[in-house]
Amino acid sequence: DLLDSYLNCMNAAKELNCKSITFPCTSAAMKELPLEAVIGASTTAVTAWMAKHQDYAIDVYFYCETEAETAMYRKFFDGLQKK
């Protein structure tokens, strides 16, 4: 499951006491997954994980290779800021 992959990465980063983690968006193209599904899963999983682990500070980056990827991530995070 895509959500579990992101959650497992976040848990591993915490176990290793990482201060930052980067998720590439290239997995969408490599696995022929819809970009919307990858961005939805990554942002949902990471924001839920961070809400559950407010005691742990970690910088999360989403690496985008295309303008379309960047625009979709911006749209998601702009929506979060308006809430």
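Provided above is the structure to which this section pertains.
Residues numbered from 1 in each chain as written. Predicted model: local features only at pLDDT ≥ 70, side-chain atom pairs only at ≥ 80, totals over all residues. Heavy atoms only, no water.

Draft legend 1. Region of interest: the overall build of the protein chain. A tally of helices and strands in the protein chain yields four helices and two strands. Each helix and strand of the protein chain, ordered N terminal to C terminal, gives the series α-β-α-α-β-α. In terms of overall size, the protein chain behaves like a compact globule, its C-alpha atoms giving a radius of gyration of 13 Å where 83 residues would be expected to give roughly 12 Å. With the C-alpha coordinates of the protein chain rotated into their principal frame, the extents come out at 35 × 30 × 20 Å. Per-residue burial over the protein chain gives 29% buried out of 83 residues. Taking as baseline every contact in the protein chain between residues at least 6 positions apart, the subset at least 24 positions apart corresponds to 70%. Just so you have it, the protein chain exposes about 5,600 Å², and 55% of that area is on carbon and sulfur atoms. (Helix = DSSP H or I, 4+ residues; strand = E, 2+ residues; numbered from the N terminus. Rg over C-alpha atoms; globule rule 2.2 N^0.38 Å. Buried < 20%, exposed > 50% of the residue type's maximum accessible area, 1.4 Å probe, protein only. Contact = heavy atoms within 4.5 Å. Areas by Shrake-Rupley, 256 points an atom, 1.4 Å probe, with all protein chains shown as cover.)

Draft legend 2. Expanded view of helix α1 (residues 2-15). End to end, α1 covers 20 Å across 14 residues, agreeing with the expected 20 Å (1.5 Å per residue, within 8%). Y6, M10 and A13 are the residues of α1 that are buried. Summarising the axial view, the buried residues of α1 lie within an arc of 60°, below the 170-degree limit, and thus occupy one face. Residues of α1 that are exposed and point more than 90 degrees away from the buried face comprise N8 and E15. One or two residues past the end of α1 sits N17, with phi positive at roughly 60°. (Expected span 1.5 Å × (residues − 1). Arc of directions from axis to C-beta.)

Draft legend 3. Region of the structure containing unusual backbone geometry. With a phi close to 60°, N17 is a non-glycine residue in the positive phi region. For N17, the position within the fold is in the loop between α1 and β1 (20-24). The partly exposed category is assigned to N17, whose relative accessible area is 47%.

Draft legend 4. View of the packing of aromatic side chains. Summed over all chains, the structure comprises six aromatic pairs. Members of the aromatic cluster, connected to one another through ring pairs, are Y6, F23, F62, Y73, F76 and F77. (Phe/Tyr/Trp six-rings, centres within 6.5 Å; stacked < 30°, edge-to-face > 60°.)

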